[in-house]
Amino acid sequence: MSPPIAPVGWSRWLVPPAALSIHLSIGQAYAWSVFKPPLEDALGLSGTQSALPFQLGIVMLGLSAAFGGTLVERRGPRWAMTVALVCFSSGFLLSALGAATGQFWLIVFGYGFVGGIGLGIGYISPVSTLIKWFPDRPGMATGIAIMGFGGGALIASPWSAQMLESFGSDTSGIALAFLVHGLSYTVFMLLGVLLVRVPRPRAEEPADGRATAPAGPRVSARQALRTPQFWLLWVVLCTNVTAGIGILEKAAPMITDFFADASTPVSATAAAGFVALLSAANMAGRIGWSSTSDLIGRKNIYRVYLGAGVLMYALIAVAGSSSKPLFVLCALVILSFYGGGFATIPAYLKDLFGTYQVGAIHGRLLTAWSTAGVLGPLIVNWIADRQEEAGKHGAELYGTSLLIMMGLLVIGFAANELVRPVHPSHHLDAVTPEKGAPDVRRHQQSESA
């Protein structure tokens, strides 16, 4: 399937909606916490067990993005979006079968493994294309598309809650909800597959007057792995994601626990609404903070994400259980930083490594997300389960987790401070066979980095 080339006069503003159709669909992953309580009740699972499909999905997201990044660059966005559609929708259909038969392992395999591959390929499918269409505003362009991943739960969370209420929260109701998800997302993602285009080769200016790409570094994906900048950004992304995903994955149960002893406890419907609010903050942060990074720089915006994130976690730990508005506000800010970090990282990579293989480099960096997808939920769920076994309840279940998240953000802040421009010796024209890397001619002939 060859990449569809834009005809003369094609508007670049049609590309972000194509990306949004994919990201809004796969962003359903952030609504997984709505399914946790019904699955725990219907199948007798613990909080740690019910997180497994989500955790595996995020692991597969990072791995499939890392191993498939170069292939996505070579075959183009339409191929990648098609693969994402097939895997993501099939994951829901397998999960529906697992729920209907009471086989939790099939839900883990379907949603986590198969669907996770769709998450990874779908997530990186438009990134390189968007940066090529918008070299003048890469933060805004990737933010527009990637905000869809953050906003997916804004739709999926209340929609899933309503289906579970209508179909029932037993195994048959959960199976039917999974089935409807799989079929609906197939149709919606198909719109992006049909709409996406790549820029015409060697075009100086598109019809709508896009600025030409500025001169910059050209670093291959393979060579990027040999730079300290790549691994520093890996730590930055991993710590920022871990701090946000721990709250997001357990959002509904967490707000219920924090105010279980309050005069007005949080209902299941209100908890689902809280998940939707977090999704809105996640989505707004992706476009708002990433666009701001075009003005103040990537390093400065990550100082905000990581530094202010420590303050937000401290406020939740100290006074979160005494005030619902404070708890909700701090969580919303943390999730806006979480989303902003995802949307800003492609532009950060473009600044450091150039556009040559930025999609493949981005895919490799998303292994940090895989790691965080295990660490965040594991930290929050495992500690909460242990605290509950010790006889604690309410906000006491999360005190230790909050302190750990603060420490991780401090580590991420320090890593960001160490980021410097990539040394010219790593640039494509400077890499020679004597240095143990492919020469320029080989890079020009193939993108198999």
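This report concerns the structure included in the present document. All residue numbers here refer to positions counted from 1 along the written sequence of the relevant chain. Reporting in this predicted model follows two pLDDT cut-offs: at least 70 for local features of residues, and 80 or more for side-chain atom pairs to be given and counted; totals over whole chains, interfaces and linings ignore these cut-offs and use all residues. The basis for every side-chain value is the complete set of heavy atoms in the structure, and neither hydrogens nor water enter the calculation.

## Describing the packing of aromatic side chains
Two rings from Phe, Tyr or Trp (for Trp, the six-membered ring) form a pair when their centres sit within 6.5 Å of each other. Planes less than 30 degrees apart are called stacked, planes more than 60 degrees apart edge-to-face, and all others tilted. One pass over the full model with this rule turns up 29 aromatic pairs. Seen from their ring centres, Tyr302 and Tyr305 are 4.9 Å apart, and the 80 degrees between their planes marks the pair as edge-to-face. Note that Tyr302 and Tyr305 are positioned in helix α14 (residues 298-319) at a spacing of three residues, about one turn of the helix. When accessible area is computed with a 1.4 Å probe and restricted to protein chains, residues below 20% of their type maximum are described as buried, those above 50% as exposed, and intermediate ones as partly exposed. Since its relative accessible area comes to 0%, Tyr302 is described here as buried. Ring centres 5.0 Å apart and planes at 90 degrees place the aromatic pair Tyr338 and Phe342 in the edge-to-face group. With a gap of four residues between them, Tyr338 and Phe342 both fall in helix α15 (residues 324-353), about one helical turn apart. The way it works is that DSSP assigns letters per residue, a run of H or I at least four long becomes a helix, a run of E at least two long becomes a strand, and they are numbered from the N terminus.

## Quick notes on a nonpolar patch on the surface
A contiguous nonpolar surface patch, about 400 Å² in accessible area, is contributed by Leu93, Phe167, Leu176, Leu179 and Leu183. Counting residues per element, the nonpolar patch draws most heavily on helix α9 (residues 171-195), at three residues. Assignment of secondary structure puts Leu183 in helix α9. Candidate patch residues must exceed 30% relative accessible area and have no salt bridge, after which like charges are joined if within 9 Å and Val, Leu, Ile, Met, Phe, Trp or Tyr side chains if within 5 Å. The Shrake-Rupley method, run with a 1.4 Å probe sphere, supplies the accessible areas, and residue values consider only the shown protein chains as cover. The term salt bridge refers to a side-chain nitrogen of Lys or Arg lying within 4 Å of a carboxyl oxygen of Asp or Glu.

## Considering the environment of Arg218
Relative to the helices and strands, Arg218 is located in the loop between α9 and α10 (221-224). Each C-alpha atom of the pair Arg218 and His427 lies 5.3 Å from the other, and the pair is 209 residues apart in sequence. Look past the residues within four positions of Arg218 in its chain and what remains in contact with it is Phe353, Tyr356, His426, His427, Leu428 and Asp429. In what follows, a contact means two residues having at least one pair of non-hydrogen atoms within 4.5 Å.

## Things to note about helix α1 (residues 15-26)
Take the residue count of a helix, subtract one, and multiply by 1.5 Å to get its expected span. Taking 1.5 Å per residue as the helical rise, α1 with its 12 residues ought to reach 16 Å, and the 17 Å between its terminal C-alpha atoms agrees with that figure. With 10 of 12 residues buried, α1 is to be regarded as a mostly interior element. Burial in α1 covers these residues: Val15, Pro16, Ala18, Ala19, Leu20, Ser21, Ile22, His23, Ser25 and Ile26.

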